[in-house]
Structures are given as structure tokens and as C-alpha cells.
Amino acid sequence: MSSIDPRHSLFPEWLRKALDGLYLAAGWLAGIFLVAIFLIMLSLSAGRPLGIDVPAGDDFTAWCMAATAFLGLAHTFRSGELIRMGLLIDRFDGASRKLIEIACTAIGAAAISYFAWYAIEMTVFSWRFNDVSMGVIAVPLWIPQFGMSAGLTILAIAFVDELVHLLFGGAPRYEKPKAESPDEIIERVMESGV
């Protein structure tokens, strides 16, 4: 039996810290965009009775929502909160479970990398052709598209990071350990993290 922690990374410590920092920073950025949505919606709601118009407020809210959704994906994945095929995977043990985990992570890495590639390509084309929004305020489209491209790219990095970890014998770091007490089960249900 090995004394190596199966959740330990095979990457050098500086790279592991950089990757974890990247995922955390993306999560914080998603949170900042969420606060921006709140502030824009608040100014839109409070501005109407006061006769204050927020030009293109709906557009900016939608762009912040897209940035929130995509930038938060990698941190959500690494925190074990991303929706997974747990009902299927939990039915297996040992080598078959490990193989299914690797296959699912490989498929996820391939799919996310595909989407990230085309999101980056779309953003670059918008920048090259100086494409602008059709709303009240003409905003270069690459700016709101960048949040989606960055979020998908960071998620692809997280999937590849996890795939390499699994291929070299590590335990999945994206799933939470099994609950050991009834109180812990209730707490996870309340947090909706079961």
C-alpha cells in the first residue's frame, strides 16, 4: 500500500498553486459579475420611478450574466458542485469505477476544449472585424464574448488537469468525500451538495 495521498497533485507545487489560484480567481470574477448584475438591476428598478434611464442596462446585465455563468464553471467543477453522473458512477467500484471516471473526464475535457476553441475563435473574429453590439450603446462584441471564452478555457484547463491526475492514479478531486454521519448528510442536503 502506498503512503502517497491519492488526492495529491503530480504537478510541482508552484504549478498546483497557480492552477488552483486560476480557478479561484475565475470564481471571484464570477462573483464580481454577479454583484454587477445586482447593481445594474437595482439601478434599473430604482431609476424608473425617479425618471432615471440606464442606457443599455438590459444588455449589460445579460453580458454580466454570461460572464458569471462561464467564469464560475471551473471553480464549481473543482469544488465538487458541478452536476455529474453520480447516480451512474456510484454503482461501480474499483477498477471499473476508475475507468468510467477517466472516460467521463476525457469526454468532458474533449467537449469543453471543443467549445472553448470555437468561443475563442468567435471572440477573435469579433475583434478582427470590429463587430459591435446592436443596442443603444455600441460596445465591441469581443468584450462581452471574452468572459465566455475565458470561462470555457479555464474550465478546459481544469478538466485536463483532472484527467492527468486521474490517469496517473489519483483519486478524483472534484467529488466530495462520502458523508460519514447523519448530521453531515443533512448539512449537505441543506447546502444542496449531495
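Residues numbered from 1 in each chain as written. Predicted model: local features only at pLDDT ≥ 70, side-chain atom pairs only at ≥ 80, totals over all residues. Heavy atoms only, no water.

Chemist: I tried to follow the overall build of the chain on my own but got confused; where do I start?
Modeler: Of regular secondary structure, the chain possesses seven helices and zero strands. The C-alpha atoms of the chain give a radius of gyration of 20 Å, which is well past the 16 Å a tight globule of 194 residues would have. For the chain, the C-alpha atoms occupy an extent of roughly 70 × 45 × 30 Å along the three principal directions. Counting every position in the chain, which comprises 194 residues, the buried fraction comes to 32%. If you take every contact in the chain between residues at least 6 apart in sequence, the share linking residues at least 24 apart comes to 70%. (Helix = DSSP H or I, 4+ residues; strand = E, 2+ residues; numbered from the N terminus. Rg over C-alpha atoms; globule rule 2.2 N^0.38 Å. Buried < 20%, exposed > 50% of the residue type's maximum accessible area, 1.4 Å probe, protein only. Contact = heavy atoms within 4.5 Å.)

Chemist: Explain the nonpolar core to me, please; I cannot follow it from the model alone.
Modeler: Note on soluble globular proteins: their nonpolar side chains tend to be buried together. Counting residues in hydrophobic clusters, the biggest one holds 16 residues, and the most contacted among them are Tyr 23, Ala 74, Phe 77, Leu 155 and Phe 159. Breaking this core down by element, the ones donating at least two residues are helix 1 (13-50), helix 3 (73-78), helix 5 (94-128) and helix 6 (142-167). The greatest single-element share of this core, amounting to seven residues, is contributed by helix 6. If we ignore the near neighbours within four places in the chain, the residues touching Ala 74 are Tyr 23, Ile 154, Leu 155 and Ala 158. (Core = buried A, V, L, I, M, F, W, Y, C linked by side-chain atoms within 4.5 Å.)

Chemist: Hey, could you run me through the environment of Thr 123 in this one?
Modeler: With respect to the secondary-structure elements, Thr 123 resides in helix 5. Note on Thr 123: relative accessible area 8%, which makes it buried. Counting along the chain gives 40 residues from Thr 123 to Leu 163, while the straight-line C-alpha distance between them is 27 Å. With residues up to four places along the chain from it excluded, the contact list for Thr 123 reads Trp 142, Gln 145, Phe 146 and Ser 149.

Chemist: Please clarify how the pattern of salt bridges should be interpreted in this entry.
Modeler: Two side chains that carry opposite charge are able to pair once their charged atoms sit near each other. This structure, assessed with the given rule, holds eight salt bridges. The residue Asp 161 makes a salt bridge to Arg 16 at a minimum N-O spacing of 2.5 Å. With Asp 161 in helix 6 and Arg 16 in helix 1, the pair connects residues that are 145 residues apart, well separated along the chain. Taken individually, Asp 161 and Arg 16 each receive the classification buried, so the pair is uniform in this respect. Where Arg 78 meets Glu 162, a salt bridge forms, and the shortest distance between an N and an O atom there is 3.6 Å. Placement of Arg 78 in helix 3 and of Glu 162 in helix 6 is noted, with a sequence separation of 84 residues between them. (Salt bridge = Lys/Arg side-chain N within 4 Å of Asp/Glu carboxyl O.)

Chemist: Explain the packing of helix 1 against helix 6 here, please?
Modeler: Packed helices, taken two at a time, are described by the angle their axes make and the gap between the axes. At a minimum axis distance of 10 Å, the contact between helix 1 and helix 6 shows a crossing angle of 140°. As summarised for this structure, helix 1 and helix 6 are arranged oblique, according to the angle between their axes. Helix 1 and helix 6 meet at a crossing whose hand is left-handed. Side by side, helix 1 and helix 6 meet where Arg 16, Leu 19, Leu 22, Tyr 23 and Ala 26 of the first sit next to Ile 154, Ile 157, Ala 158 and Asp 161 of the second. (Axes fitted to C-alpha atoms, helices over the stretch in contact; angles between N-to-C directions. Parallel < 35°, antiparallel > 145°, perpendicular 65-115°, else oblique. Left-handed = near helix turned anticlockwise from the far one by under 90°.)

Chemist: What exactly am I supposed to notice about unusual backbone geometry here?
Modeler: Most peptide bonds are trans, and most residues other than glycine sit at a negative phi. Its identity is not glycine, yet Ala 56 carries a phi of approximately 60°, on the positive side. Mapped onto the elements of the fold, Ala 56 is located in the loop between helix 1 and helix 2 (57-71). Residue class for Ala 56 comes out buried when judged on its relative accessible area of 11%. Even without a glycine there, the phi angle at Asn 130 is positive, about 55°.

Chemist: I'm lost on the environment of Ile 107 in this one. Help?
Modeler: Structurally, Ile 107 can be placed in helix 5. Along the primary structure Ile 107 and Arg 78 are separated by 29 residues, whereas in three dimensions their C-alpha atoms are 17 Å apart.

Chemist: Any chance you could explain the confidence of the model for the chain here in plain terms?
Modeler: Low pLDDT marks regions whose predicted coordinates should not be analysed in detail. Summarising the model, the chain shows a mean pLDDT of 87, and 92% of its residues fall at 70 or more. At the low end of the mean pLDDT range in the chain sits helix 4 (residues 86-89), at 72; at the high end sits helix 6, at 95. (pLDDT = per-residue confidence, 0-100.)

Chemist: Is there a simple way to explain the packing of aromatic side chains in this structure?
Modeler: Aromatic rings in a pair are described by how distant their centres are and how their planes are angled relative to each other. Scanning the entire structure with this criterion turns up five aromatic pairs. A centroid spacing of 4.3 Å and a plane angle of 15° characterise the contact between Phe 77 and Phe 159, whose relative ring orientation is stacked. Taken together, the positions of Phe 77 in helix 3 and Phe 159 in helix 6 put the pair 82 residues apart, joining distant regions of the chain. The two residues Phe 77 and Phe 159 agree in class, both being buried. (Phe/Tyr/Trp six-rings, centres within 6.5 Å; stacked < 30°, edge-to-face > 60°.)

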